[in-house]
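Structural overview for review
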Amino acid sequence: MDDHVYGIVTGYCNGRPGLVFCNSRKGTMDTAAILAKEAAAHSNASTRSVFVKSAQQLQRLQAASSQAKAKGLGAVLVAGVGFHNAAMEPEDRELVESLFKANDLPVLCTTSTLAMGVNLPAHLVVIKGTTRYVGDSETAPGETTGYKEYTQTEVLQMVGRAGRPQFDNEGVAVIMTSKDNTHRYQRMMTGQPVESCLMANLAEHLNAELVLGTIQDVPMAIQWIKSSFLYTRVRTNPSHYGLAHKLKPGMSQAELDGVLKSQLIMQPVSQLLEYGLATTDEDSYSLAATKAGKLMANHFLKLRTMASIVKLGQQPNMPSLLRVICGAEEFRNASLRR
């Protein structure tokens, strides 16, 4: 990818600002150095870089390079290229941002985290590689660390920097990826149907409705689920929700409703009953939240976390309490300094 990034930047930026997203802090520095070297090799003697268009711009970049503290930053700044990552001093980051916003710095190499925070719109966005390292602090229990593909949200955040309406009338995004992943990003360009996320937290939402009193019995629960986006999508794309083996083509409406009642209502209801978060009558018809269910809803706890708390009993010891807290899904992204 290093061999192609210069050609992509010069071919698509059209003299307007460009962002190159790299998958590591070191990658931002290395890519900036490559771009600066290539820009110098293809420049004329007066500006020393194809990214520097005037003597005045060169003077401003030289003045800025003398203020730079990060290793290698001053050398690339004079070529009209910069890098931006979390390892830099705040002063260096502010210096680079101000140069980019003033159009004195045409090309900025940065990490994907900048797409989520600092507002630096550009005409061109290049995603140089679509994998990044995912460490312990970003993985759920049981998941492995290592290089993984960017999520769709991350990719859209990055390409969304190109051609902001208030700054430009068009934008260009180039995604550099492996041949095996080409189809994934082609599908992203043509658009994908939006799916519901309710299935992943169905028991939690059902419990909240019981606490609010919106749902008081099974028929009300069925009406509630029928009014949801999940109900619409699960009939259209059952394989996405793991129900392709249950929902067969040609099923009658009654058969369809019976399957969805079993999978989308009775299954989460049985989970709430199992852990004492809800109660029902002898006919399993009426539904009501228990005190534990109300605590779960009021404190926005996951079902698995609340189930672990319920299992502790009336007089838990300190090790068991700590085990529940440390294993809670709500804290999976929390990291402690060693």
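See the structure shown above.
What you are looking at is a predicted structure, and each value in this text was computed from that prediction instead of being measured.

With respect to empty space enclosed by the protein
Inspection of the entire model under this criterion finds 1 cavity of 30 Å³ or more. Size it by volume and the largest cavity reaches roughly 30 Å³. Residue lining of the largest cavity: I222, I225, K226, Y231, D257, L260 and K261, and that is the complete set. For the lining of the largest cavity, the elements supplying multiple residues, two or more each, are helix 10 (218-226) and helix 12 (253-274). Residues belonging to the lining of the largest cavity are distributed by class as follows: 4 nonpolar, no polar and 3 charged.

Brief notes about the nonpolar core
Grouped together as the largest cluster of nonpolar side chains are 50 residues, with contacts concentrated most on V20, L35, L73 and V81. With residues up to four places along the chain from it excluded, the contact list for V20 reads V5, V9, T31, L35, V107, L108, C109, T110, V126 and K128. In this structure, L202, L247, Y275 and L277 belong to the second largest nonpolar core, which totals 32 residues.

A few points about the packing of aromatic side chains
Tallied over the entire structure, the rule returns 1 aromatic pair. When the ring of Y6 is compared with that of F51, the centres are 6.3 Å apart and the planes differ by 65°; the resulting orientation is edge-to-face. Of the two residues, Y6 is situated in helix 1 (residues 2-12) and F51 in the loop between helix 2 (25-41) and helix 3 (55-65); the sequence distance between them amounts to 45 residues. Neither Y6 nor F51 differs from the other in exposure class; each is buried.

Thoughts on the environment of M306
Locating M306 in the fold gives a position in helix 14 (residues 303-311). Residue class for M306 comes out buried when judged on its relative accessible area of 5%. Here M306 is in contact with L277, A292, L295, M296 and L301, once residues within four sequence places are set aside.

A closer look at a nonpolar patch on the surface
Residues M318, L321, L322, I325 and F331 make up a contiguous nonpolar surface patch of about 470 Å² in total accessible area. Looking at the element boundaries, F331 is found in the segment after helix 15 (318-327).

Rules used throughout
Residue positions within a chain follow its written sequence, with the count starting from 1. Under the rules for a predicted model, residues below a pLDDT of 70 receive no local features and side-chain atom pairs below 80 are neither given nor counted, while totals for whole chains, interfaces and linings still include all residues. In computing side-chain properties, one takes all heavy atoms of the structure into account and sets aside hydrogens as well as water. Cavities and pockets are found on a 1 Å grid laid over the protein atoms alone: a cavity is a set of points where a 1.4 Å probe fits but cannot escape, a pocket is an open set with protein on both sides within 12 Å along at least five of seven lines, and a lining residue has an atom within 4 Å of such a point. Grid points are joined across faces, edges and corners, and a volume is the space filled by probe spheres set on the points. Comment: elements are numbered from the N terminus, with helices defined as DSSP H or I runs of at least four residues and strands as E runs of at least two. All amino acids are sorted into three groups, where Ala, Val, Leu, Ile, Met, Phe, Trp, Tyr, Cys and Pro are nonpolar, Asp, Glu, Lys and Arg are charged, and the leftover types, Gly among them, are polar. As used in this record, nonpolar core signifies buried Ala, Val, Leu, Ile, Met, Phe, Trp, Tyr and Cys residues forming a set joined through side-chain atoms within 4.5 Å. Burial classes: relative accessible area under 20% of the type maximum marks a residue as buried, over 50% as exposed, and values in between as partly exposed (1.4 Å probe, protein chains only). By the convention used here, residues are in contact when the closest approach between their heavy atoms is within 4.5 Å. Put simply, two rings from Phe, Tyr or Trp (the six-membered ring, in Trp's case) pair if the centres are within 6.5 Å, and we call them stacked under 30 degrees between planes, edge-to-face over 60, tilted for the rest. Distance thresholds for patches are 9 Å for like charges and 5 Å for nonpolar side chains (Val, Leu, Ile, Met, Phe, Trp, Tyr), applied to residues having over 30% relative accessible area and no salt bridge. Here the open area of atoms and residues is found with the Shrake-Rupley method and a 1.4 Å probe, where only the protein chains shown may cover a residue. Note on definitions: salt bridges are taken to be side-chain nitrogens of Lys or Arg within 4 Å of carboxyl oxygens of Asp or Glu.

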